[in-house]
2 protein chains.
Amino acid sequence: MSHTLGIRQAQKQKTRQAFLDAALALLEEQSLSSLGLREVTRAVGVAPTAFYRHFRSTADLGVALVDEALGSLHPMVRTTVSTAGGSEERIVRAIDLISHHVDTHPAHVRFIARERHGGVQPVREAIRAQLERFAEEVKAELAKDPQAAGWNDDDLLMLAHLYVDQMLITASLFLEAQEAPAEERQRVTRLARRQLRLITVGRSHWLD
Amino acid sequence: MSHTLGIRQAQKQKTRQAFLDAALALLEEQSLSSLGLREVTRAVGVAPTAFYRHFRSTADLGVALVDEALGSLHPMVRTTVSTAGGSEERIVRAIDLISHHVDTHPAHVRFIARERHGGVQPVREAIRAQLERFAEEVKAELAKDPQAAGWNDDDLLMLAHLYVDQMLITASLFLEAQEAPAEERQRVTRLARRQLRLITVGRSHWLD
DNA sequence: AATTCCAGAGAACAGTTGTTAACTGGATGA
DNA sequence: TCATCCAGTTAACAACTGTTCTCTGGAATT
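Note that this is a predicted model, so its numbers are computed, not measured.

Draft legend 1. Summary view of the overall build of chain A. The number of helices and strands found in chain A is nine helices and zero strands. In sequence order, the secondary structure elements of chain A are arranged as α-α-α-α-α-α-α-α-α. Dimensions of chain A, computed from C-alpha atoms along their principal axes, come out at roughly 65 × 45 × 30 Å. Residue burial in chain A is summarised as follows: out of 208 residues, 47% are buried. Relative to all contacts within chain A whose residues are 6 or more apart in sequence, the contacts with residues 24 or more apart total 66%. If you sum the accessible surface of chain A, you get close to 10,600 Å²; carbon and sulfur atoms cover 53% of it.

The structure is reproduced here in structure tokens:
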């Protein structure tokens, strides 16, 4: 199926990835709308004009970063929501999973939080579309749960969005607490768990 | 109490406000970290150097914008949460209030949503501090409610943060739907109401 | 009336930006 | 083997950036 790339294509992809990595690093201290093309090429160690061989603009690069940051996350979300076990057990596991993901991919998380409402329209749209996909997937998993009996589609999607937004809020909190002492990070963990718990309580009494 | 300003101070404040207004307008299509000092002075119609008479940097201007956007909002939040009436009635009124505020101050709302996780640290910190104040105020109002009997302080603050974050999410949704047809805006209204309802249901069964 | 103050103007600085055109040299395919 | 392709280079462009220093003219103070 997958044809082995020639030396040429392989080198091109390698450079492209170097662009993405360099940009992500530079974006820890600024927004995409202020990221300069020359700034990125300088960080990669390549001529400014080389940029155009891979991206039309920095906005284009941003959209590629959205795919890198969120594209591979769908399986994880799907299984997290659907995993069997008691509801308390699932809450703890979900928060731990977010915490772990922030630890291993802080720059990706920062990028998404920053550019979700950022100044570059195509990037906002790309993030919005990915989050909509997450919501649809969460909804599909929720629908499988016996607890979903009697729920209409609109309410399921409403709940799914609530979960997705809460996921992002939690990730952002972990990110802010990243350099903080362990006790602060533990405080965030407990807060996130209780918020998720409250939503879950609301869910289980929704039909009353 | 308030001493009438001299011609000089009055003119200075006028120019300062012109800076804030011009910046806010420019920030509808970009982030603060890419806002240039000359760009702002050009929009105001004043020499670049005049900027330094009012702000040290664009970050400084950003912090001033945070105060303008959120500083005067505290009374509104306070009364909204505390207003008497049935819970369903209060939910409808809260969402309507947010919707109205987004209609009347779209640029302010956009600015806060954009810079909350934006690339300028002092501005992020200023927004964080204001939102923390909101949460404390909401918590204080919640504590007055008879429903809060048996709640500990941590859980009250947890719920207050949930409300504040939800308020921002809703405002952002209204903003995105601003140019959309009326039916889309109505859809957002209903979604926001139901999410608030679900949180309220969770709240009323929290102690079970 | 004379003096001080200070918001804003003007000019100049060294650096930066995105984009263009024409090029080089190694991988690719006939 | 030889012609084609194309990722990356080099050079140059006009336009823009933040910041400094010096100056001005009207308001504020004495």
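Further notes follow.
Draft legend 2. Quick look at the protein's contact with DNA strand D. The full set close to DNA strand D counts 19 residues, and A:Arg8, A:Thr15, A:Arg53, A:His54 and B:Arg38 are the nearest of them. Backbone atoms, meaning sugar and phosphate, make up 47% of the atoms of DNA strand D lying within 4 Å of the protein. Here the surface near DNA strand D is composed, by residue class, of six nonpolar, six polar and seven charged.

Draft legend 3. Expanded view of the UniProt feature "DNA-binding region" (unreviewed entry) in chain A. Residues annotated by UniProt as "DNA-binding region" (unreviewed entry) correspond here to residues 36-55 of chain A. Structurally, residues 36-55 of chain A comprises 40% helix and 0% strand, and the distance from its first C-alpha atom to its last is 13 Å.

Draft legend 4. View of the packing of aromatic side chains. Residue and element names in this part refer to chain B. Considering all chains together, one arrives at ten aromatic pairs over all chains under this definition. Ring centres of Phe19 and Phe51 lie 5.6 Å apart, and the angle between their planes is 80°; this geometry places the pair in the edge-to-face category. Placement of Phe19 in helix 1 (residues 7-26) and of Phe51 in the loop between helix 2 (37-44) and helix 3 (58-70) is noted, with a sequence separation of 32 residues between them. For the pair shown, Phe19 and Phe51 are each scored as buried. An angle of 90° between the planes, with centres 6.3 Å apart, marks the rings of Phe51 and Tyr52 as edge-to-face.

Draft legend 5. A look at the interface of chain B and chain A. On the side of chain A, 36 residues touch chain B, which itself brings 36 residues to the contact. Summing both partners gives a buried area of about 3,000 Å² for chain B against chain A, and 63% of it is carried by carbon and sulfur. The largest share of the area that chain B buries against chain A comes from B:His117, B:Arg194 and B:Leu198, three residues that together contribute 22% of it. Linking chain B with chain A are two salt bridges, by the criterion used here. The partner of A:Arg194 in a salt bridge is B:Asp155, and the shortest N-O contact between them spans 2.6 Å. Inspection of the chain B/chain A interface yields 18 residue pairs in polar contact (both at pLDDT 80 or more). Of all the secondary structure elements, the ones that give two or more residues to the side of chain B that touches chain A are helix 6 (106-115), helix 7 (121-144), helix 8 (153-176) and helix 9 (182-204) of chain B. Considering every element that reaches the side of chain B that touches chain A, the biggest residue donor is helix 8 of chain B, with eleven residues.

Calculation criteria
- All residue numbers here refer to positions counted from 1 along the written sequence of the relevant chain.
- Note on labels: chains are lettered from A, ligands numbered from 1, in written order.
- Under the rules for a predicted model, residues below a pLDDT of 70 receive no local features and side-chain atom pairs below 80 are neither given nor counted, while totals for whole chains, interfaces and linings still include all residues.
- Heavy atoms throughout the structure, all of them, feed into the side-chain values; hydrogens and water do not.
- Strands here are runs of E lasting at least two residues and helices are runs of H or I lasting at least four, both read from the DSSP assignment and numbered beginning at the N terminus.
- Buried means the residue's accessible area, taken with a 1.4 Å probe over protein chains only, is under 20% of the maximum for its type, while exposed means over 50%, and partly exposed covers the values in between.
- The contact criterion used is simple: two residues touch if any of their non-hydrogen atoms lie within 4.5 Å.
- Computed with a 1.4 Å probe, the accessible areas rest on the Shrake-Rupley method; for each residue, only the protein chains presented here act as cover.
- Residue proximity to a molecule or strand is established when one non-hydrogen atom of the residue lies within 4 Å of it.
- Residues are grouped as follows: nonpolar covers Ala, Val, Leu, Ile, Met, Phe, Trp, Tyr, Cys and Pro; charged covers Asp, Glu, Lys and Arg; every other residue, Gly included, is treated as polar.
- UniProt positions are given in the numbering used here, feature names are shortened, and annotations may be inferred rather than shown by experiment.
- Stacked, tilted and edge-to-face are the three classes assigned to paired rings of Phe, Tyr and Trp, where Trp is represented by its six-membered ring and a pair needs centres within 6.5 Å; plane angles under 30 degrees give stacked, over 60 edge-to-face, the rest tilted.
- Using a 1.4 Å probe, buried area is obtained as the accessible area two parts lose upon being combined, added over both of them.
- Salt bridge, as used here, is a side-chain nitrogen of Lys or Arg placed within 4 Å of a carboxyl oxygen of Asp or Glu.
- Within 3.5 Å is the distance limit for a polar contact, defined as a pair of N or O atoms, with the added protein rule that one can donate a hydrogen and the other accept it, and that residues adjacent in sequence qualify only through two side-chain atoms.

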